[in-house]
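Close look at the chain arrangement
In case you want the letters, here they are:
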Amino acid sequence: MTADLMLIWPELILTIGGLITLMLGTFLGDRQVGIYQLSALLTLAAATAAVVALFGVQTSVFSGTLSVDNFGGFAKLLIYAASFVSILIAPRFFTSGMRAEYPALILFATLGMGIMASSRDLMTLYVGLELNSLAAYVLASFMRNDDRSSEAGLKYFILGALASGMLLYGISLLYGFSGTTDFTGIAKAMGGELNIGLIFGIVFVLAGLGFKISAVPFHMWTPDVYEGAPTPVTTFFASAPKVAAMAMMTRVVIEAMGPAVGAWQQIIIFLALASIILGAVGAIGQKNIKRLLAYSSINNVGFMLVGLAAGTQQGVEAVLTYLLVYVVTTLGAFLVVLQLRDAEGNQIESIPALAGLSQRRPGIAAAMTVFLFSLAGIPPLFGFWPKYLVFEAAVNANLVPLAVAGIVASVIGAFYYISIIKTMYFDDKSDTEIPAGGGVIAEDAVITASALWLSVIGYLFIPVLAVISASAAAVLF
Amino acid sequence: MSGFPILSLMLAVPAIAAIACLFVGDKMARWVALGATLATFVLGCILWANFDIGGAQWQFQELHEGIFGRFNYALGIDGMALMLIMLSVFLMPLCILASWESIKSRVGLYMSMFLVMEVVMIGVFMAQDLLLFYIFFEAGLIPMYFIIGIWGGANRKYAAYKFFLYTLLGSVLMLIAMIAMIAEAGTTSIPVLLNYDFPVQMQTWLWLAFFASLAVKMPMWPVHTWLPDAHVQAPTAGSMILAGVLLKLGAYGFIRFMMPMFPDASGQLMWVVFGLSMIAVVYTSLVALVQSDMKKLIAYSSVAHMAIVTAGLFAFNQQGIEGALIIMLSHGVVSAALFFCVGVIYDRLHTREIDRYGGLAVNMPAYALFFMLFTMASIGLPGTSGFVGEFLSLAGIYEASSWVAFVCTTGIILGAAYMLYLYRRVVFGELTKDDVKAMPDLNPREWAVLAPLAAVALWMGVYPESFLAPMRGDVTTVVARLAPAKPAGDAHLAAGKPKAAEAHHGEAHHAGGVQ
């Protein structure tokens, strides 16, 4: 037991750090923004260090319910980094003062996501998922005086509860027909004859998980929640939970359902193609940049699912690489959105207001261009590389029609990315003033670093990425 | 020279200048861009001077394995690549000069985009790794999108979208084919893949996927429609580089990838290329005849010329392919010059309507002379570069199929018709319009652009051996690779029977040669 505790240091640190942050907020009042922000950031840094220290350990703890391995470690590093940035950017957004609940809730959500990524048992998985979701519902409606924010929270909660119900129903079916909630045990049951109960279980579990990664047709909440939630929260939603949910889905699909490839592969293929196409088509008419990025995230999840559909180690490596590049791009793009304020300091979210941005704020416009071309997967930007990897995995797994359909649909996606670039570069200046300055050095640094990394420099990291993602993916096979 | 990474240096010079241009003022940006492109041109000349004609197939090779993990930083050139690199680096400084005065807004960004374009274009010709090639090939979309979209004409946004999405849609299928090739052959190295024998069944699919991409880039009928829009809306220098070099990427892909890598499929599907080329030659020439916009007319003529290139390439013989390559070089120079000629009068009158001009020979004699030279070169008058390429490729096509040669030759007649008709309406006739009367003749900057272009067009027409010699060995290699898959032509050529020469005379001559 004590030995097990030594292996979940990241989770322990997050729990304690989250509680301390909450206490600091309670006793110091809402004025001391810096102190509890610092406490949350330090917590995340310590948890990151703990994950790094545990890298290479491969074992399971607490009677096999939680796994400590490189796969979970890789996902956790990404999640922690995304949470770190989400806390870093918050104080400037919440001009009336950031309350201490914000970093504390992010820490609790992060804790839940870490558990999602490393659970090897359906019950632990569910606990992690709910821990994350409950924190996320509150975060979505964090600006409680704002109608859109409250609506986002409510919508997220209702649809999230529905999805949790479906997931639980699927879990109960899987448990009923395999006699266990342990992934290894379920895989054993899947290895034999598939009965109708197990198939229904697979369908419901995948539907529930599909909601969490916002894959089409379970994506309806995404644009509304992304638009309504405060921008730092949207930044958080678009990055960290995507990693956690995708890691969780990968683990469930490969470890628990691995032997029943025939049963889940077609579902994943459908989710992938539907997400790519609908994510692209839905984005075309959008006038709000946050809604547009929501559709873009749906679209990108579709590409990740192409890698997952391959069901091979190469496919999982591709998914992990994709997640990393996606998180960097998304964080960068949302940071740019955060920088856009008019003369009164109000956030600018409408795309037409960005007209002529390249002449007002050339640096910001250039960075956004890098992020958008990267999301579209146009070489030489680094966003091309993970797309290449997922399609390579699909082709090598004899899923050529999927690869062809996916890559052709990616052209539709390119249309709306380049249309934002058109607005920023080709159109005449809009009436909206977007004064420069007011930027925090940390934000500018993150934007610059991610834009540089996504331009040609990222290619130099391919060998390192390949080694890390291979060591993480190998755990599942 | 061996061991010195001259190819990397040629990529680095414009790349660094491209970044620098973003951070300096307008005036400085022009000079930086001109300096960098001229420096790259000098490097290109050094490259040509040191190229060992008849030596190893791949020269100046650079290979750094592992820095990109799954694929390599591998550069190297053969004769064909050398010539196309020379074309690119020759045109770039002229493009910068051509936009010296006509581009007034956001000059730094403009120059930067052109320099990026140069990196990408010469990178495509240098790449010896399949993925590196693809990255360069696709990367060209981004700067061109900006060039058309920001500095283009009235309908520039539509044209930029169309250019981007059209060419992207084609390219992505090629990427899937490349993934399949890498999986099959287990390597990304182009020289290795060139000699890898893919299964015949697979070749057909790969060929079709490559064709989808390259036919759009080429552009071939019926996927050429992006080209007139892009040309008409692009700024003058954008059209020059688009017609001069970007259109050559498609043909380069044909001869570098499709023909030697999938020889069986190329043989089987030859009729597709011939069929589309024949339609393109006649159809686009006829369309060019009725254009009222000068740039559109030249754009359609480009499609027709490119169709002769594809037909020449798929003739599968030495003459046809050499001719096609010369047309590529010649068209690169001549169409760039023609677009610049349009740009010269556009800068003065701000319209491309043919009817708005007339009688320019009176007040712009130097301009009329240059325009005449390039018109003739486009038609293929002997002594100009166009003649050499068209004659060789048509001779090659005749060997493969006399009917294709017959139809393609009508393209030359129609070409003469639309070009001379254009020339007559713009340059000859009465000088009646007041604003046209006020147009001054060429200024020194315009002379500086047109004179080198004219010199090269004549050089290529009078002594094409300078350009053919480096490529000859590579063409022979491709022809040898294609030989087993080559269908029988309908020409049944047989060598003539020359009169038997006197025996001792021949021996004496031979002996003299040895001494």
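Residues numbered from 1 in each chain as written. Chains lettered and ligands numbered in written order. Predicted model: local features only at pLDDT ≥ 70, side-chain atom pairs only at ≥ 80, totals over all residues.

Chain B goes by NADH-quinone oxidoreductase subunit M in an unreviewed UniProt entry, where it is assigned to Sphingopyxis witflariensis. Note on chain B: under the UniProt heading Sequence similarities (unreviewed entry), the record states "Belongs to the complex I subunit 4 family." (UniProt positions renumbered as here; feature names shortened; annotations may be inferred.)

Under an unreviewed UniProt entry, the name given to chain A is NADH-quinone oxidoreductase subunit N, and the organism recorded is Sphingopyxis witflariensis. Turning to chain A, the UniProt annotation filed under Subunit (unreviewed entry) states: "NDH-1 is composed of 14 different subunits. Subunits NuoA, H, J, K, L, M, N constitute the membrane sector of the complex."

A separate point is the interface of chain A and chain B. Between chain A and chain B, the residue contacts involve 25 residues of the former and 28 residues of the latter. If you list the elements that add at least two residues to the side of chain A that touches chain B, you get helix H18 (384-396), helix H19 (400-425) and helix H21 (462-474) of chain A. By residue class, the composition of the side of chain A that touches chain B is 21 nonpolar, 2 polar and 2 charged. (Contact = placed C-beta atoms within 7 Å. Helix = DSSP H or I, 4+ residues; strand = E, 2+ residues; numbered from the N terminus. Nonpolar A, V, L, I, M, F, W, Y, C, P; charged D, E, K, R; others polar.)

Moving on to the UniProt feature "domain: NADH:ubiquinone oxidoreductase chain 4 N-terminal" (unreviewed entry) in chain B. Mapped onto the present numbering, the UniProt feature "domain: NADH:ubiquinone oxidoreductase chain 4 N-terminal" (unreviewed entry) falls at residues 67-122 of chain B. In residues 67-122 of chain B, the share of helix is 64% and the share of strand is 16%. The end C-alpha atoms are 21 Å apart.

Another aspect to go through is the UniProt feature "domain: NADH:quinone oxidoreductase/Mrp antiporter transmembrane" (unreviewed entry) in chain A. Per the UniProt record, "domain: NADH:quinone oxidoreductase/Mrp antiporter transmembrane" (unreviewed entry) is found at residues 119-413 of chain A. The straight-line gap between the two end C-alpha atoms of residues 119-413 of chain A is 34 Å; of that span, 78% is helix and 0% is strand.

Before going further, it helps to examine the packing of helix H13 (residues 270-289) of chain B against helix H19 (residues 402-427) of chain B. All names here are of chain B. For the pair H13 and H19, interaxial distance at closest approach is 9 Å and the crossing angle is 20°. For the element pair H13 / H19, the angle class is roughly parallel. The chirality of how H13 crosses H19 is left-handed. In contact with Phe-274, Met-278, Val-281, Val-282, Ser-285, Leu-286, Ala-288 and Leu-289 of H13, H19 contributes Val-404, Val-407, Cys-408, Thr-410, Gly-411, Leu-414, Gly-415, Ala-417, Tyr-418 and Tyr-421. Of the residues contributing to the contact of H13 with H19, the split by class is 14 nonpolar, 4 polar and no charged. (Axes fitted to C-alpha atoms, helices over the stretch in contact; angles between N-to-C directions. Parallel < 35°, antiparallel > 145°, perpendicular 65-115°, else oblique. Left-handed = near helix turned anticlockwise from the far one by under 90°.)

To continue, consider the confidence of the model for chain B. Residue and element names in this part refer to chain B. Residue-level pLDDT values for chain B average 87, and 96% of them are 70 or greater. Every residue in residues 506-515 scores below 50 in pLDDT, and together they form 1 contact with partners more than four places removed in sequence or on other chains. Model confidence for the complex: the whole-complex pTM is 0.91, and ipTM, which rates the interface, is 0.90. (pLDDT = per-residue confidence, 0-100.)

Let us now look at helix H11 (residues 221-228) of chain A. All names here are of chain A. Of all 8 residues in H11, 7 are buried; the element is thus mostly enclosed. Turning to H11, its buried residues are Trp-221, Thr-222, Pro-223, Val-225, Tyr-226, Glu-227 and Gly-228. Close packing links the buried residues of H11 with helix H7 (122-140), helix H8 (147-178), helix H12 (231-256) and helix H14 (289-310). (Buried ≥ 20, exposed ≤ 12 C-beta atoms within 10 Å, placed from the backbone.)

By size, the foremost hydrophobic cluster in this structure holds 395 residues, and its most contacted members are Val-243, Ala-244, Ala-309, Leu-323 and Ala-394 of chain A together with Leu-115 of chain B. Contacts of Val-243 of chain A, omitting those with residues within four sequence positions, involve Ala-75, Leu-78, Ile-79, Ala-82, Leu-323 and Val-327 of chain A. (Core = buried A, V, L, I, M, F, W, Y, C linked by C-beta atoms within 7 Å.)

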